[in-house]
Amino acid sequence: MKTPTAVVTAGPTLEAIDPVRFLSNRSSGKQGYAIAAALRDKGFDVTLVSGPVALDDLAGVTMVRVESALDMLAAVQGALPADVFVAVAAVSDWRPAETAPRKLKLDKAGLTSLALVENPDILKTVSNLAPPRRPHLVVGFAAETHDVAELAREKRLRKGCDWIMANDVSGDAMGGADNAALLITDDGEETFERAAKSEIAARLAARISEAVARTD
Ligand code: C5P
């Protein structure tokens, strides 16, 4: 049997305003790194496309470090085709319409507002690729603070992905060591009780591995 392949995104993206300032978010990358490691341990050939995080490279995984959402999309496209795509990154929804080449000065007129443009949706882009570019299994994440299951079910359909891992981030899931999730697939839902992110990752990797084995 050939070695199955997976591409995983993790961490935040960083959207430069000028050479010293940026827009970003509080994603630590821990859950995405744990999923990449768990897939590696299940025998996958894994490429991890990571935004800026304070985590070490994973041994036995092809690491691609990026900053912005545009760079992350290009790196993902460069890493495809793959059997599985898991979008764990907290991609910034917006980026500054322009990145100033020099540090912006406080005394410059008009600096009390920042023009933003929307970033591409990497998960949606990959979900909507035509076969054979589209991975057999595309898994997205939904971090919500309320109505978690309902919003995640809607998100699965809107993004066109196969599965969604829904997280309640009203507590400390973002940056913390633990997580709890609801896995929503086309044929049911499974609760992943609160556990270490490595444990959640191992359970998801086991499900992914079973699903990929069925497509062989
Ligand atoms: O729409 P929302 O950001 O809540 O969707 C979360 C899911 O979509 C995650 O899987 C995230 O990695 C992915 N996403 C993406 N590109 C974006 C925004 C979100 O891949 N620009």
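Here's what I pulled together on the structure shown here. (Residues numbered from 1 in each chain as written. Predicted model: local features only at pLDDT ≥ 70, side-chain atom pairs only at ≥ 80, totals over all residues. Heavy atoms only, no water.)

## A closer look at the overall build of the chain
Selection rule: Secondary structure is summarised from DSSP: a helix means a run of H or I of at least four residues, a strand means a run of E of at least two, and numbering begins at the N terminus for each. The atom set for the radius of gyration is the C-alpha atoms, and the globule formula is 2.2 Å times the number of residues raised to the power 0.38. Only protein chains enter the area calculation, which uses a 1.4 Å probe; residues under 20% of their type maximum are buried, those over 50% are exposed, and those in between are partly exposed. Note on definitions: a residue-residue contact is assigned when non-hydrogen atoms from the two residues lie within 4.5 Å. Note on areas: Shrake-Rupley with a 1.4 Å probe; residue coverage comes only from the protein chains shown. Neither His nor the chain ends contribute to the count of charged residues, in which Lys and Arg are positive and Asp and Glu negative. Where a charge lies is defined by one atom per residue type: Lys uses NZ, Arg uses CZ, Asp uses CG and Glu uses CD.
Looking only at helices and strands, one finds 5 helices and 12 strands in the chain. Taken over the C-alpha trace, the chain has a radius of gyration of 18 Å; the compact-globule value for 216 residues is 17 Å, and the two agree within 12%. Taken along the three principal axes of its C-alpha coordinates, the chain extends 60 × 35 × 35 Å. Classification of the 216 residues of the chain by burial places 47% in the buried group. Sequence-distant contacts, at least 24 apart, represent 61% of the contacts inside the chain between residues at least 6 apart. Taken as a whole, the chain presents about 11,100 Å² of accessible surface, with 51% of it coming from carbon and sulfur. Here the chain contributes 25 positively and 30 negatively charged side chains, and the mean placements of these two sets differ by 4 Å.

## So, the site of the ligand
Selection rule: Whether a residue is near a molecule or strand depends on its heavy atoms: it is near if one of them lies within 4 Å of it. Any pair of nitrogen or oxygen atoms within 3.5 Å is treated as a polar contact; in protein, a donor-acceptor pairing is required on top of that, and neighbouring residues in sequence qualify only through side-chain atoms on both sides.
The full set of residues close to the ligand is Ala 87, Val 88, Ala 89, Val 91, Pro 120, Asp 121, Ile 122, Leu 123, Gly 140, Phe 141, Lys 155 and Lys 159. Here Ala 87 contributes a backbone N or O atom positioned 2.6 Å from an oxygen atom of the ligand. A distance of 2.8 Å separates an oxygen atom of the ligand from a polar backbone atom of Leu 123. Alone, the ligand offers 440 Å² of accessible surface; in the complex the protein occludes 84% of this. Elements supplying a minimum of two residues to the shell around the ligand: α3 (122-127), β9 (137-144) and α4 (148-159).

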